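Chains, contacts and geometry: an overview
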Amino acid sequence: ALGAANCQCVIGESFARIFFRNCIATGELYPVECTDRLADVFKTGDIATVDINANTIRHEATGTTYALRPLGEVRPVIDAGGIFEYARKTGMMPQSAKA
């Protein structure tokens with residue numbers, strides 16, 4: 001549902017393992033963990049800018065930037081569009097036949 005709503009990432013202090021793995025498998029969302037308790041900083045309606053490459057989130061109203069944990073080895077899988085696309089792009093699985 002989050003992917004269908006064009007959500008690109010979810011930021012939290014931690015994630016249930018099944019949710020984290022589903023994000024990677026489908027390649028629809030970046031499950032990014034924060035190093036600070038952002039629920040105490042951001043309120044409904046606040047605007048944030050997330051930089052996945054720099055591992056930061058910026059609170060636009062205050063200009064404060066917070067650190068995010070790097071995605072590590074799962075990043076290329078999500079970037080590829082999920083586990084099957086990653087497997088195809090890396091040669092682990094044959095490419096789909098084009099009609």
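This structure is a prediction, so every number in the text was calculated from the model and none was measured. Counting restarts for each chain, with residues numbered from 1 along the sequence as it is written. Given that this is a predicted model, residues contribute local features only at a pLDDT of at least 70 and side-chain atom pairs are listed and counted only at 80 or more, while totals for whole chains, interfaces and linings are drawn from all residues. Values reported for side chains reflect all heavy atoms of the structure, with hydrogen atoms and water molecules removed beforehand.

Looking now at the overall build of the protein chain. In DSSP terms, a helix is any run of H or I states spanning at least four residues, a strand is any run of E spanning at least two, and both are numbered starting from the N terminus. Along its length, the protein chain carries three helices and five strands. Helices and strands in the protein chain line up, N terminus first, as β-α-β-β-β-β-α-α. The dimensions of the protein chain, computed from C-alpha atoms along their principal axes, are 50 × 25 × 25 Å. Each residue is placed in one exposure class: buried if its accessible area under a 1.4 Å probe, protein chains only, is under 20% of its type's maximum, exposed if it is over 50%, and partly exposed if it falls in between. The 99 residues of the protein chain split such that 26% are buried. Throughout, a residue-residue contact means that at least one pair of heavy atoms, one from each residue, lies within 4.5 Å. A separation threshold of at least 6 residues defines the contact pool for the protein chain, and within that pool the share at least 24 residues apart is 35%. Accessible surface for the protein chain amounts to roughly 6700 Å². Of this, 53% is attributable to carbon and sulfur atoms. Of the charged side chains in the protein chain, 10 are positive and 11 negative, and the gap between their average positions amounts to 6 Å. Here the accessible surface of atoms and residues is derived via Shrake-Rupley with a 1.4 Å probe, and residues count as covered only by protein chains that are part of the display. Positive charge is attributed to Lys and Arg, negative charge to Asp and Glu, and no charge count is given to His or to the chain ends. A charge is said to be at NZ when it belongs to Lys, at CZ for Arg, at CG for Asp and at CD for Glu.

Turning our eyes to something else, we now look at the sheet that holds strand E5 (residues 64–67). At least two DSSP bridges between two strands are needed for those strands to be called paired. The three strands lie next to each other as E3-E4-E5, forming an open sheet whose pairing is antiparallel. Across the chains shown, the open sheet's two edge strands, defined by having one partner strand only, are strand E3 (48–51) and E5. Across the sheet, the mean angle from the axis of one strand to that of its neighbour is 20°, orientation sign disregarded. One ladder, built from four bridges, connects E3 with strand E4 (residues 56–59); its direction is antiparallel. By the bridge assignment, Val50 is partnered in E4 with Ile57. Axes here refer to lines fitted to C-alpha atoms; in helices the fit is confined to the stretch in contact. Angles between the N-to-C directions go from 0 to 180 degrees.

Burial of nonpolar side chains together is a common tendency in soluble globular proteins. Grouped together as the largest cluster of nonpolar side chains are 14 residues, with contacts concentrated most on Tyr30, Val32, Leu38, Ile57 and Leu71. Broken down by secondary-structure element, the contributors of at least two residues to this core are strand E2 (30–33) and helix H2 (75–80). In this view, Leu71 contacts Tyr30, Pro31, Val32, Ile52 and Asn55; residues no more than four positions away in its chain are not counted. Joining through side-chain atoms within 4.5 Å is the link that ties buried Ala, Val, Leu, Ile, Met, Phe, Trp, Tyr and Cys residues into a set, and such a set is a nonpolar core.

The next subject is the confidence of the model for the protein chain. A low pLDDT score tells you not to read the predicted coordinates there in detail. For the protein chain, per-residue confidence averages 91 on the pLDDT scale, and residues scoring 70 or more make up 96% of the total. Known as pLDDT, the predictor's per-residue confidence is scaled from 0 to 100. Mean pLDDT across the elements of the protein chain bottoms out in helix H3 (residues 83–89) (93) and peaks in E4 (97).

With that settled, consider the packing of aromatic side chains. Given two aromatic rings, their pairing is described by the distance between the two centres and the angle made by the two planes. Each Phe, Tyr or Trp ring (for Trp, its six-membered ring) is paired with any other whose centre lies within 6.5 Å, and the angle between the two planes then decides the class: stacked below 30 degrees, edge-to-face above 60, tilted in between. For the structure shown, the criterion picks out two aromatic pairs. An angle of 25° between the planes, with centres 5.6 Å apart, marks the rings of Phe15 and Phe19 as stacked. Its relative accessible area of 18% is what places Phe15 among the buried residues.

With that settled, consider the pattern of salt bridges. Note on definitions: salt bridges are taken to be side-chain nitrogens of Lys or Arg within 4 Å of carboxyl oxygens of Asp or Glu. Under the definition given, this model contains six salt bridges. The partner of Arg37 in a salt bridge is Asp40, and the shortest N-O contact between them spans 3.1 Å. By relative accessible area, Arg37 is classed as partly exposed at 47%. Here Glu60 ties to Arg58 by a salt bridge, and the two come within 3.3 Å at their closest N and O atoms. Residue Glu60 is classed as partly exposed on the basis of its relative accessible area, which comes to 32%.

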